[in-house]
Amino acid sequence: MATSWLFCLQLVVAELACDVRLLAEPFVPGTLVGHFTNAHPGLGGVCTFVGEVRCDEAVEALELRHYELLTLTGMTALADSALARFDLMGVMIVHRHGVMLPGEPIVLVAAAARHRRDAIQAVDFAMDHLKSESWFWKREKVGGLWRWIEPREQDFADLARWG
Amino acid sequence: MTLKLVFLGRLEDAAGEPERDVIHASSYAQVLAGLETDLVAALADPRVKLAVNGEIVGDRNGLVLADGDELAFLPPVSGG
């Protein structure tokens with residue numbers, strides 16, 4: 001009885017600590033980070049990374065595709081492994097799919113911790129895994145034509161840092 | 001009796017569509033036998049992973065497919 005109660009408590013804590021979202025519509029990073037920060041009173045630091053569609057070159061739009069049966073499950077597993085690896089109070093992973101225009105946010109990762117190093121490293125860890133291991137496929141529109149984007153060697157090198 | 005095939009990323013271009021239903025076949029080789037040559041070549045890229053009903057498959061040749069199974073072909077990812 002005591003064991004199952006403890007197990008339930010652990011599930012609830014894990015639920016609160018992880019906020020993972022796969023969104024079809026634009027989001028406002030500041031609003032999400034504000035709520036995330038308020039959800040973890042007593043924290044020592046919050047580290048946040050926001051990736052946006054770059055406003056350079058001739059890119060007119062970016063599209064991210066996902067796979068219903070794998071993508072969100074994989075993002076949740078990534079959040080869980082960040083929680084297991086670093087001393088965190090909470091982690092948030094938000095990723096867009098669909099067509100995005102330059103300046104729109106694509107991804108948001110935030111980590112709250114008692115001490116800054118864990119928060120910073122957890123965000124770095126999650127971004128490296130989102131780049132080259134999560135179930136997303138990206139294409140960009142240049143001169144009216146869509147072209148798929150291959151992962152870069154640098155992305156794999158970044159991932160390898162985490163062993 | 002059908003299988004659903006899902007083509008992610010650039011494989012959508014090779015297939016000409018993001019997904020298609022095909023007549024059920026129980027082995028992976030039989031599924032490939034029903035596809036266009038160019039598409040089979042694209043799927044043979046060793047970097048392309050296969051998921052059946054959302055589970056990544058290691059041994060494709062050992063698969064026994066059931067009616068209604070969903071096979072997703074997953075080329076290298078590029079997120080973030």
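Residues numbered from 1 in each chain as written. Chains lettered and ligands numbered in written order. Predicted model: local features only at pLDDT ≥ 70, side-chain atom pairs only at ≥ 80, totals over all residues.

### Comments concerning the overall build of chain A
Short version of the rule: Secondary structure counts use DSSP, requiring at least four H or I residues in a row for a helix and at least two E residues in a row for a strand, with both numbered from the N terminus. C-alpha atoms define the radius of gyration, and 2.2 Å times the number of residues to the power 0.38 defines the globule rule. With C-beta atoms placed from the backbone, a residue counts as buried when 20 or more other C-beta atoms lie within 10 Å of its own, as exposed when 12 or fewer do, and as partly exposed for counts between those limits. Contact definition: two residues whose C-beta atoms, as placed from backbone geometry, lie within 7 Å.
Helices and strands together make up the secondary structure of chain A, namely 5 helices and 8 strands. Scaling as 2.2 N^0.38, a compact globule of 163 residues should have a C-alpha radius of gyration of about 15 Å, and chain A matches this with 17 Å. Taken along its principal axes, the extent of the C-alpha atoms in chain A is 60 × 30 × 30 Å. In chain A, which comprises 163 residues, the share counted as buried stands at 30%. The contacts in chain A between residues at least 6 apart in sequence include a share of 77% that link residues at least 24 apart.

### Focus on the nonpolar core
Residues and elements named next belong to chain A. As a reminder, the rule being used: For this entry, the nonpolar core is defined as buried Ala, Val, Leu, Ile, Met, Phe, Trp, Tyr and Cys residues connected by C-beta atoms within 7 Å.
Formed by 46 residues in total, the largest nonpolar core has its most connected members in Ala82, Leu88, Met92, Ile93, Ala111, Ala122 and Ala126. Sort the elements by how many residues they give to this core and strand β6 (residues 105-113) lands first, with 8 residues. What alanine 122 contacts, discounting residues up to four positions off in sequence, is Ala82, Phe86, Leu88, Val91 and Ala111.

### Description of the sheet that holds strand β7 (residues 136-142) of chain A
All names here are of chain A. Convention followed: Any two strands are treated as partners once DSSP identifies two or more bridges connecting them. Lines are fitted to the C-alpha atoms to define the axes, a helix being fitted only along its stretch in contact, and any angle between axes, read from their N-to-C directions, falls within 0 to 180 degrees.
If you walk across this open sheet you meet the 4 strands as β5-β3-β7-β8, and the pairing is antiparallel. Edge positions in the open sheet fall to β5 (98-100) and β8 (145-148), since each of these has one partner strand only. For this sheet the average axis-to-axis angle between neighbouring strands, irrespective of direction, equals 25°. In terms of strand pairing, β7 meets β8 through 4 bridges, oriented antiparallel.

### A closer look at the environment of Ala66(B)
Residues and elements named next belong to chain B. One can find alanine 66 in the loop between β4 (55-56) and β5 (70-74). Under the C-beta neighbour-count criterion, alanine 66 is labelled exposed, with 12 such atoms within 10 Å. In sequence terms alanine 66 and serine 27 are 39 residues apart; their C-alpha atoms lie 9.5 Å from each other.

### Structural notes on the packing of helix α3 (residues 71-85) of chain A against helix α4 (residues 116-133) of chain A
Residues and elements named next belong to chain A. Note the threshold: Here roughly perpendicular refers to angles of 65 to 115 degrees, roughly parallel to angles under 35, roughly antiparallel to angles over 145, and oblique to all remaining angles. Two helices that cross are described as forming a left-handed crossing if the nearer one is turned anticlockwise from the farther one by less than a right angle, and a right-handed crossing if clockwise. Only Asp, Glu, Lys and Arg are considered charged, only Ala, Val, Leu, Ile, Met, Phe, Trp, Tyr, Cys and Pro nonpolar, and every remaining residue, Gly among them, polar.
Contact geometry for α3 and α4: axes closest at 10 Å, N-to-C directions at 150°. Relative to α4, the element α3 is oriented roughly antiparallel. Crossing handedness for the pair α3 and α4: right-handed. Of the residues in α4, those in contact with Leu78, Ala82 and Arg85 of α3 are Ala122, Phe125, Ala126 and His129. Per-class residue counts for the contact of α3 with α4 are 5 nonpolar, 1 polar and 1 charged.

### Digging into the interface of chain A and chain B
Residue-level contacts link 22 residues of chain A with 13 residues of chain B. Sorting the residues of the side of chain A that touches chain B by element identifies β3 (59-66), α4 and β7 of chain A as the ones contributing at least two each. Ranked by the residues each element gives to the side of chain A that touches chain B, the list is headed by α4(A), at 5 residues. Looking at the side of chain A that touches chain B residue by residue, the class counts come to 13 nonpolar, 4 polar and 5 charged.

### Thoughts on the pairing of strand β4 (residues 90-96) of chain A
All names here are of chain A. Buried residues dominate β4, accounting for 7 of its 7 residues. Of the two faces of β4, the one lined by Gly90, Met92, Val94 and Arg96 and the one lined by Val91, Ile93 and His95 are each fully buried. Both strand β1 (residues 18-23) and β4 contribute to a ladder of 6 bridges, which runs parallel. Note that in β4 the partner of leucine 23 across the bridge is arginine 96.

### So, the confidence of the model for chain A
Applied cut-off: One confidence number per residue, pLDDT, is output by the predictor and ranges from 0 to 100.
Here chain A averages 90 in pLDDT, while 90% of its residues score no lower than 70. When mean pLDDT is taken per element in chain A, β4(A) scores highest with 98 and helix α1 (residues 2-17) of chain A scores lowest with 58.

### Quick word on unusual backbone geometry
Phi at Asn53(B) is positive, roughly 50°, even though this residue is not glycine. If you trace the backbone, Asn53(B) turns up in the loop between β3 (49-52) and β4.

### A few points about α3(A)
All names here are of chain A. We count it as follows: In this analysis, the expected span of each helix is defined as 1.5 Å times one less than the number of residues it contains. Summarising the geometry, the arc corresponds to the directions from the helix axis toward the C-beta atoms.
Helix length check: α3 (15 residues) gives 21 Å between terminal C-alpha atoms against 21 Å at 1.5 Å per residue, within 8%. Listing the buried residues of α3 in full gives Thr71, Gly74, Met75, Leu78, Ala79 and Ala82. Down the axis of α3, the buried set is contained in an arc of 145°. They therefore lie on one face. Residues of α3 that are buried make contact with β1, β3, β4, β6, α4 and β7.

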